[in-house]
Amino acid sequence: MQFNLLGYTFGTPLEFFFSLSAMHIRLISAGVEMIRNKNVASEASPSQENSSKTDCKEKTHSAVKTGLTNGGNRDMKSKQTSDSETIMDYMTYVFYLPTFLQGPILTYDDFLPQLTRYYNSRSKSCNNKHIANKFIMMIVQAIFIEVQFHFLFVTAVRSNSFIIEEMTMPAVIGLCVWQGNYFQLLYCCSYGIGCLFTELDGLTPPPLPACISCIYSFSDMWKYFDVGLYNFIKKYIYIPWGGSKAGLLRQITACALAYLYISFWHGASITIVIWCFGNLIVIILETTAGHLEHSTTGSKMKSFIGAPNVLRLKGLLATPLYIASGLQVMYFFFSVKAGDAIADKVLFKASRKALLLEWVGFYLAIQNAMYIRKRFDGKRKI
């Protein structure tokens with residue numbers, strides 16, 4: 001049975017493949033963490049191992065009585081589990097219903113200790129007021145998305161790219177901005193369902209996607225949009241290959257491997273490859289600029305020109321990257337033909353005056369995002 005909701009068709013083969021892809025991530029996370037736990041346990045002293053096994057047996061017996069998974073307040077990185085516990089942990093994590101179909105993504109070492117700690121605590125209460133507020137917000141967002149589809153036929157562009165050729169450049173930019181915001185709201189609703197039931201189980205899910213209008217750096221877009229996927233990539237691909245602590249070359253290599261996996265995980269279609277390759281180029285440029293900023297020469301230049309001019313310079317340099325990032329993500333949202341039509345309309349076939357106004361507009365938007373980020377950073381989620 002298929003039905004359409006929020007511009008998305010549920011019950012299609014795509015839905016099935018998305019669930020398989022999410023399961024693929026959970027299998028990798030569980031497998032890696034179990035191997036790490038066994039390696040840590042094998043390095044423990046025999047007396048510690050015997051004490052840990054006895055403690056685990058007692059807690060497992062208590063957990064079986066309550067019909068739960070592995071019992072006990074244990075440290076996943078320092079205690080060895082029995083075979084039955086391992087199987088139960090594995091099955092509970094992989095087939096956990098609230099996040100099984102639509103996400104969000106929780107890594108094994110984040111999920112299991114929280115679930116164990118909650119079910120072994122005396123108090124099983126949760127913040128009902130907070131959950132009710134999130135539920136009301138999700139309903140409002142869902143109604144807004146459903147109503148606007150009766151007036152804005154954004155998804156029609158995917159199969160009718162000729163529409164873009166008949167639009168003006170401001171209209172095309174507005175289409176792209178709205179598509180990005182619609183995608184964020186769609187994620188907030190689809191992930192929000194899983195987050196609500198996850199919080200009712202006493203777990204802390206990853207944060208919902210942040211407002212994309214307040215994000216001007218594509219490295220921040222990956223950090224704050226799909227936080228669960230970002231944590232998985234960072235933990236199992238980026239950091240093991242060196243991350244930001246092993247030099248610029250290793251960092252770029254880790255980024256390339258991360259986007260290679262993202263491309264494969266999303267299906268590796270031509271639109272996905274364009275999107276991931278464009279992401280990688282932008283991330284490499286942002287990473288290189290970050291290294292230059294924190295170098296000796298960069299620090300001297302920052303102190304010489306002053307903090308306000310540093311923000312202006314950052315906004316000026318971020319503008320072309322922001323435009324490039326926005327163009328390549330349109331291939332992901334729509335299609336190759338639609339992406340080409342948008343690139344022609346916004347960049348390649350635009351007049352000089354239109355290009356100047358476009359760049360000034362995006363520069364002002366980036367400066368506004370910088371101010372909001374600086375104003376509210378550490379106080380509230382933006």
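Below is a short write-up of the structure. (Residues numbered from 1 in each chain as written. Predicted model: local features only at pLDDT ≥ 70, side-chain atom pairs only at ≥ 80, totals over all residues. Heavy atoms only, no water.)

### Some thoughts on the state of the cysteines
As enumerated under the stated definition, the model contains 0 disulfides in all. Cys188 carries a free sulfur, and the closest cysteine sulfur to it, the one in Cys189, is 6.8 Å from it. (Disulfide = S-S within 2.5 Å.)

### Looking at the side chain of Thr271
Relative to the helices and strands, Thr271 is located in helix H11 (residues 270-293). Within the structure, the side chain of Thr271 is placed 3.1 Å from the side chain of Ser269, a separation counted as a polar contact. With residues up to four places along the chain from it excluded, the contact list for Thr271 reads Tyr331, Phe332, Ser335 and Val336. (Helix = DSSP H or I, 4+ residues; strand = E, 2+ residues; numbered from the N terminus. Polar contact = N/O pair within 3.5 Å; in protein donor to acceptor, adjacent residues only side chain to side chain. Contact = heavy atoms within 4.5 Å.)

### Digging into helix H15 (residues 352-376)
Helix length check: H15, at 25 residues, gives a terminal C-alpha distance of 36 Å against a target of 36 Å (1.5 Å per residue), a fit within 8%. If you check which residues of H15 are buried, you get Ala354, Glu358, Phe362, Ile366, Gln367, Ala369, Met370 and Arg373. Against helix H7 (169-200), helix H8 (218-224), helix H13 (307-333) and helix H14 (336-348) lie the buried residues of H15. (Expected span 1.5 Å × (residues − 1). Buried < 20%, exposed > 50% of the residue type's maximum accessible area, 1.4 Å probe, protein only.)

### Here's the deal with the pattern of salt bridges
Scanning all chains against the criterion turns up 6 salt bridges. The salt bridge partner of Arg36 is Glu33, with a shortest N-O separation of 3.2 Å. Separated by 3 residues within a single helix, Arg36 and Glu33 lie in helix H1 (residues 13-42), roughly one turn from each other. Judged by relative accessible area, Glu33 falls into the buried class, the value being 2%. One salt bridge connects Lys235 with Asp110, and the closest N-O pair in it is separated by 3.7 Å. Of this pair, Lys235 sits in helix H9 (residues 227-238) while Asp110 sits in helix H4 (residues 108-119), placing them 125 residues apart in sequence. Given a relative accessible area of 21%, Lys235 falls into the partly exposed group. What emerges from the salt-bridge pattern is a single network uniting Asp109, Asp110 and Lys235. (Salt bridge = Lys/Arg side-chain N within 4 Å of Asp/Glu carboxyl O.)

### Re unusual backbone geometry
The residue Ala268 is not glycine, and still its phi comes out positive at about 60 degrees. Note that Ala268 resides in the loop between helix H10 (248-266) and H11. The partly exposed category is assigned to Ala268, whose relative accessible area is 44%.

### Regarding a nonpolar patch on the surface
Taken together, the side chains of Phe135, Ile136, Ile139, Val140, Ile143, Val147, Phe151 and Leu152 present a nonpolar region at the surface, about 770 Å² in accessible area. Of note, Ile136 is situated in helix H5 (residues 128-148). (Patch = residues over 30% accessible without salt bridge, like charges linked within 9 Å, V, L, I, M, F, W, Y side chains within 5 Å. Areas by Shrake-Rupley, 256 points an atom, 1.4 Å probe, with all protein chains shown as cover.)

### Topic: the nonpolar core
As a rule of thumb, nonpolar side chains are buried together in soluble globular proteins. Within the largest apolar cluster, 68 residues are counted, with the highest numbers of intra-cluster contacts made by Ile164, Ile233, Phe334 and Ile342. Among the elements that line this core, the one with the most residues is H7, at 16 residues. Beyond its immediate sequence surroundings of up to four residues, Ile164 is in contact with Val157, Val172, Leu175, Ala338, Ala341, Ile342 and Lys345. If you look at the next biggest cluster of nonpolar residues, it comprises 13 residues, including Tyr96, Phe100, Leu112 and Leu203. (Core = buried A, V, L, I, M, F, W, Y, C linked by side-chain atoms within 4.5 Å.)

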